[in-house]
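# What the coordinates show
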Amino acid sequence: MAVKDYVSRQRTRLLQDPRVKVLMQDERVLRGLMKAIRLRGELLQAIDARIEDVAGQLNLATKKEVRELKRSLRKLENELQRARAEGAREER
């Protein structure tokens with residue numbers, strides 16, 4: 001966590017610098033930052049899509065499939081728990 005704290009402190013210090021404040025008010029800089037953020041998102045989506053393709057070719061489960069399986073398993077466990085509780089009530 002030391003690195004994360006250091007980066008956080010540096011970011012705060014940098015944002016308080018008057019030169020950075022002036023830069024952040026420039027429309028061109030803001031447009032460039034927004035473009036960089038958008039490109040990062042597009043890159044991550046492209047990488048995820050490629051990973052899913054490769055995982056499919058290798059018959060590996062993707063994060064999305066594992067998440068869906070976990071959700072289904074939780075749902076089935078809850079149904080089983082309810083059915084056991086109902087069965088226990090009926091036996092009494």
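The preceding data block contains the structure.
This write-up is about the structure you can find in this document.

The rules behind each value
- The written sequence of each chain sets the order in which its residues are numbered from 1.
- Only residues with pLDDT of at least 70 get local features here, since the model is predicted, and only at 80 or more are side-chain atom pairs given and counted; chain-wide, interface and lining totals rely on the full set of residues.
- In computing side-chain values, all of the structure's heavy atoms are included and hydrogens and water are not.
- Helix and strand assignments come from DSSP, with helices taken as H or I runs of at least 4 residues and strands as E runs of at least 2, each series counted from the N terminus.
- Radius of gyration: over C-alpha atoms. The globule rule applied is 2.2 Å multiplied by the number of residues raised to the 0.38 power.
- Computed with the Shrake-Rupley method and a 1.4 Å probe, the accessible areas treat only the protein chains shown as cover for residues.
- Any carboxyl oxygen of Asp or Glu that lies within 4 Å of a side-chain nitrogen of Lys or Arg is treated as forming a salt bridge with it.
- Remark: exposure states derive from per-residue accessible area (1.4 Å probe, protein chains only) relative to the maximum for the residue type, with buried under 20%, exposed over 50%, and partly exposed in between.
- Residues enter patches when they are more than 30% accessible in relative terms and free of salt bridges; like-charged ones are connected within 9 Å and nonpolar ones (Val, Leu, Ile, Met, Phe, Trp, Tyr) within 5 Å.
- By the counting rule applied here, Lys and Arg register as positive and Asp and Glu as negative, while His and the ends of each chain are not counted.
- Lysine's charge is taken at NZ, arginine's at CZ, aspartate's at CG and glutamate's at CD.

## Focus: the overall build of the protein
When helices and strands are tallied, the protein shows four helices and zero strands. Helices (α) and strands (β) of the protein occur, in sequence order from the N terminus, as α-α-α-α. The C-alpha atoms of the protein give 25 Å as radius of gyration, which overshoots the globular expectation for 92 residues (12 Å, by more than 25%). The principal-axis extent of the C-alpha atoms belonging to the protein is close to 75 × 40 × 30 Å. Per element, the accessible surface of the protein, about 9100 Å² overall, is 57% carbon and sulfur.

## A closer look at the pattern of salt bridges
As enumerated under the stated definition, the model contains three salt bridges in all. One salt bridge in this structure joins Arg28 and Asp26, with 2.9 Å as the shortest N-O distance. Here Arg28 falls in the exposed class, since its relative accessible area comes to 61%. Here Asp26 falls in the partly exposed class, since its relative accessible area comes to 23%. One salt bridge connects Glu27 with Arg31, and the closest N-O pair in it is separated by 3.0 Å. Residue Glu27 and its partner Arg31 are located together in helix α3 (residues 27-57), separated by four residues, close to a single helical turn. The same class applies to Glu27 as to Arg31, namely exposed.

## Some thoughts on a positive patch on the surface
Side chains of Lys63, Lys64, Arg67, Lys70, Arg71 and Arg74 sit close together on the surface and give a patch of like positive charge. Within the secondary structure layout, Arg71 lies in helix α4 (residues 63-91). Residue classification places Arg71 among the partly exposed residues on the basis of a relative accessible area of 49%.

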